[in-house]
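Okay, here's what each chain looks like letter by letter:
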Amino acid sequence: MSGPLRGLKVIEMPAIGPVPFCGMLLADLGADVLRIDREGDVDLGLPIEPKYELLGRGKRSLALDLKNPQAIALVLDLIAKADVLIEGFRPGVMERLGLGPDVAQAKNPKLIYGRMTGWGQQGPMAMAAGHDINYIALTGALHAMGHKDGRPVPPLNLVGDFGGGSLYLAMGVLAALFERQQSGQGQVIDAAMVDGAASLMTMFYGMKGAGLWSDTRGANMLDSGAPWYDTYECADGGFVAIGSIEGKFYAELIEKLGLDTATLPKQHDRKRWASLRAAIAATFKTKTRAEWCAIMEGSDICFAPVLGLDEAPNHDHMAARETFVAPDGVTQPAPAPRFSRTPGAIRRKPPARGEGGEAAVAEWGVTKKATAAE
């Protein structure tokens with residue numbers, strides 16, 4: 001077993017999306033993550049074979065009927081042995097199950113109890129249903145994404161679920177574990193996706209306050225407004241991405257495009273960005289993506305081809321770093337970040353429901369009271 005979190009015992013309650021991703025991050029770094037699954041048929045919104053349920057990698061699964069008092073008693077016994085519990089139910093659900101923070105920390109005062117919700121544990125919308133798109137809509141983030149005169153564009157579910165949710169919960173867990181070394185006590189983490197997504201927008205709120213960011217979509221330096229920070233179509237229909245913000249990088253972009261600076265608008269002349277964009281776009285259309293890669297890749301233009309999911313793992317740089325791996329023939333991102341002494345690893349394939357749970361219960365030193373099929 002490897003990873004800097006080796007020996008850490010984590011209980012992951014039934015959830016979709018951001019809680020499993022947080023659990024995967026912890027498992028990738030060596031934590032022993034025991035996923036509690038519901039018995040029977042459960043609608044998780046995304047039916048998928050276990051081998052492709054990559055957010056479950058590195059974990060073991062214990063299938064329980066959480067309406068059964070014996071199952072709740074077993075979870076409480078596991079809590080007594082755990083370092084961390086993460087859950088993503090609506091506020092009050094864990095309390096109704098008899099597994100709320102007060103009960104859990106009475107059983108284990110050192111427990112770090114991580115709560116993941118979209119809207120947070122309190123507030124007027126705390127009990128409402130929602131998804132990533134709704135949470136980032138409320139923070140200003142969704143409004144800022146998209147081209148000028150176009151609709152806001154959802155950035156997959158990377159900003160709310162995973163960026164503003166999973167990563168903030170993981171950071172909160174690790175911070176609470178560090179504090180526990182000093183106090184000897186656990187605590188409860190309220191990780192709300194609206195809070196995390198808002199936090200990710202901190203720089204932009206600062207720029208807006210300073211008068212450097214417009215609330216008009218597609219009119220700013222980093223939101224496709226600037227012609228030197230955008231994507232462009234090539235002759236073969238492929239796209240490239242450029243981010244030539246600094247003057248010297250922009251100068252190299254213009255040089256490698258074969259354009260004459262004397263005939264172009266100045267880089268920061270916003271009133272003439274449209275004509276500058278037209279010149280850049282027309283030039284990119286004269287060559288294929290591969291041809292532009294041969295000219296620009298590895299330069300200081302801040303350039304990259306826009307790759308699809310089939311292409312990205314095979315790019316020379318990604319292959320050299322082994323950023324993608326393919327255990328059991330399933331291509332997936334490798335654990336991140338990297339450590340010099342205690343590297344993370346994918347230690348187990350994603351489990352089927354109930355797979356490995358019995359062994360985990362025994363290894364944690366808990367007497368079995370209830371498991372699947374009992």
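Conventions we followed
- Residues numbered from 1 in each chain as written.
- Predicted model: local features only at pLDDT ≥ 70, side-chain atom pairs only at ≥ 80, totals over all residues.
- Heavy atoms only, no water.
- Pairing = 2+ DSSP bridges.
- Helix = DSSP H or I, 4+ residues; strand = E, 2+ residues; numbered from the N terminus.
- Axes fitted to C-alpha atoms, helices over the stretch in contact; angles between N-to-C directions.
- Contact = heavy atoms within 4.5 Å.
- Parallel < 35°, antiparallel > 145°, perpendicular 65-115°, else oblique.
- Left-handed = near helix turned anticlockwise from the far one by under 90°.
- Nonpolar A, V, L, I, M, F, W, Y, C, P; charged D, E, K, R; others polar.

Asker: Would you mind showing me how to read the sheet that holds strand β8 (residues 239–243) here?
Answerer: Taken in spatial order, the 3 strands line up as β7-β8-β9 in an open sheet, and their pairing is antiparallel. Strand pairing shows two members of the sheet lacking a second neighbour, β7 (229–233) and β9 (303–305), which therefore form its edges. On average, each strand axis in the sheet is inclined to that of its neighbour by 20°, with strand direction left out of account. Two strands pair when backbone bridges link them, and β8 and β9 are joined in this way by 3 bridges, in the antiparallel orientation. Across the sheet, A241 pairs through a bridge with A304, a residue of β9. Most of the contacts of helix α10 (residues 273–284) go to β7, to which it runs at about 40°, and overall it touches β7 and β8.

Asker: Can you help me understand the packing of helix α9 (residues 247–257) against α10 in this one?
Answerer: For any two helices packed against each other, one specifies the inter-axial angle together with the distance between the axes. At their nearest, the axes of α9 and α10 sit 10 Å apart, and the two run at 50° to each other. With respect to their mutual orientation, α9 and α10 come out oblique. Like other packed secondary-structure pairs, α9 and α10 cross with a definite hand, here left-handed. On α10, the residues that touch Y250, L253 and L257 of α9 are L276, I280, T283 and F284. Counted by class, the contact of α9 with α10 contains 6 nonpolar, 1 polar and no charged residues.

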